[in-house]
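# Architecture at a glance
What follows is the residue order along each chain.
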Amino acid sequence: MRSSKSTRPRSQTKVHTDEADIMLLIQLLADMKMKLALEDYAGKTRGQLLPLVAIFHDSLRKNEEFCATLREAMHPEDWEEMLRTADAASGGGVACAVDLLAGVDGN
């Protein structure tokens, strides 16, 4: 996620490597036809994780290929709720072009 507030080079590098790691893991899940199991995560509840996923999704919304991969790696109900979370946070804008193509915007 590109929202690190630190200007320290080491911190910024860590943010970029963490982002790349997350994207790789999501790609692997999609390639293996597996889904993110947000409800099984021991550290946070599904309700706590979805806004974090929405922030990550929003930070990469211009990367249509990754948005499609993330959607593929999420359960449909998690994807829909994540978009509503992102929608509320952004004031109602569609989070990425893939959402429009898939008709997620309700049209």
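Conventions adopted
- Residues numbered from 1 in each chain as written.
- Predicted model: local features only at pLDDT ≥ 70, side-chain atom pairs only at ≥ 80, totals over all residues.
- Heavy atoms only, no water.
- Helix = DSSP H or I, 4+ residues; strand = E, 2+ residues; numbered from the N terminus.
- Contact = heavy atoms within 4.5 Å.
- Areas by Shrake-Rupley, 256 points an atom, 1.4 Å probe, with all protein chains shown as cover.
- Phe/Tyr/Trp six-rings, centres within 6.5 Å; stacked < 30°, edge-to-face > 60°.
- Buried < 20%, exposed > 50% of the residue type's maximum accessible area, 1.4 Å probe, protein only.
- Core = buried A, V, L, I, M, F, W, Y, C linked by side-chain atoms within 4.5 Å.
- Patch = residues over 30% accessible without salt bridge, like charges linked within 9 Å, V, L, I, M, F, W, Y side chains within 5 Å.
- Salt bridge = Lys/Arg side-chain N within 4 Å of Asp/Glu carboxyl O.
- Arc of directions from axis to C-beta.

### Focus: the overall build of the protein
Of regular secondary structure, the protein possesses 5 helices and 0 strands. Summarising the internal contacts of the protein: among those between residues at least 6 apart in sequence, 65% fall at separations of at least 24. A total of about 6900 Å² of accessible surface is found on the protein, and carbon and sulfur atoms cover 57% of it.

### Concerning the packing of aromatic side chains
Applying the stated criterion to the full structure yields 1 aromatic pair. Taking the centre distance of 5.8 Å and the plane angle of 85° together, the rings of F56 and F66 count as edge-to-face. Remark: F66 occurs in helix α3 (residues 64–73) and F56 occurs in helix α2 (residues 46–59); sequence separation between them is 10 residues. F66 matches F56 in its accessibility class, with the two residues each being buried.

### Section: the nonpolar core
Ranked by internal contacts, the top residues of the largest apolar core, which has 19 residues, are I26, L36, F66, L70, M74, W79 and M82. No other element matches α2, which puts 5 residues into this core. Residues within four places of I26 in sequence aside, it is in contact with F56, F66, T69, L70 and A73.

### Focus: a nonpolar patch on the surface
On the surface, L24, L25, L28, M32 and M34 cluster together into a nonpolar patch covering about 500 Å² of accessible area. Along the chain, L24 falls in helix α1 (residues 9–31).

### A few points about the pattern of salt bridges
If you walk through the whole model with that rule in mind, you get 4 salt bridges. For D78, the salt bridge goes to R46, with nearest N and O atoms at 2.5 Å. Of the two residues, D78 sits in helix α4 (residues 76–90) while R46 sits in helix α2, which places them 32 residues apart along the sequence. Assessed through its relative accessible area of 24%, R46 is described here as partly exposed. One salt bridge in this structure joins R46 and E81, with 2.9 Å as the shortest N-O distance. Taken together, the residues R46 in helix α2 and E81 in helix α4 connect sequence positions 35 residues apart. Look at the salt bridges and you will find they share partners, linking R46, D78 and E81 into a network.

### Structural notes on unusual backbone geometry
One can expect most non-glycine residues to show negative phi and most peptide bonds to be in trans. The phi dihedral of K33 is positive, around 60°, even though this residue is not glycine. Residue class for K33 comes out exposed when judged on its relative accessible area of 68%.

### Some remarks on the environment of L83
Take L83: it is sitting in helix α4. Considered as a pair, L83 and D58 are 25 residues apart in the sequence and their alpha carbons are 9.4 Å apart.

### Focus: α3
Within α3, the full set of buried residues consists of F66, C67, T69, L70 and A73. Looking straight down α3, one finds that the buried residues subtend no more than 160° of arc, so they occupy a single side.

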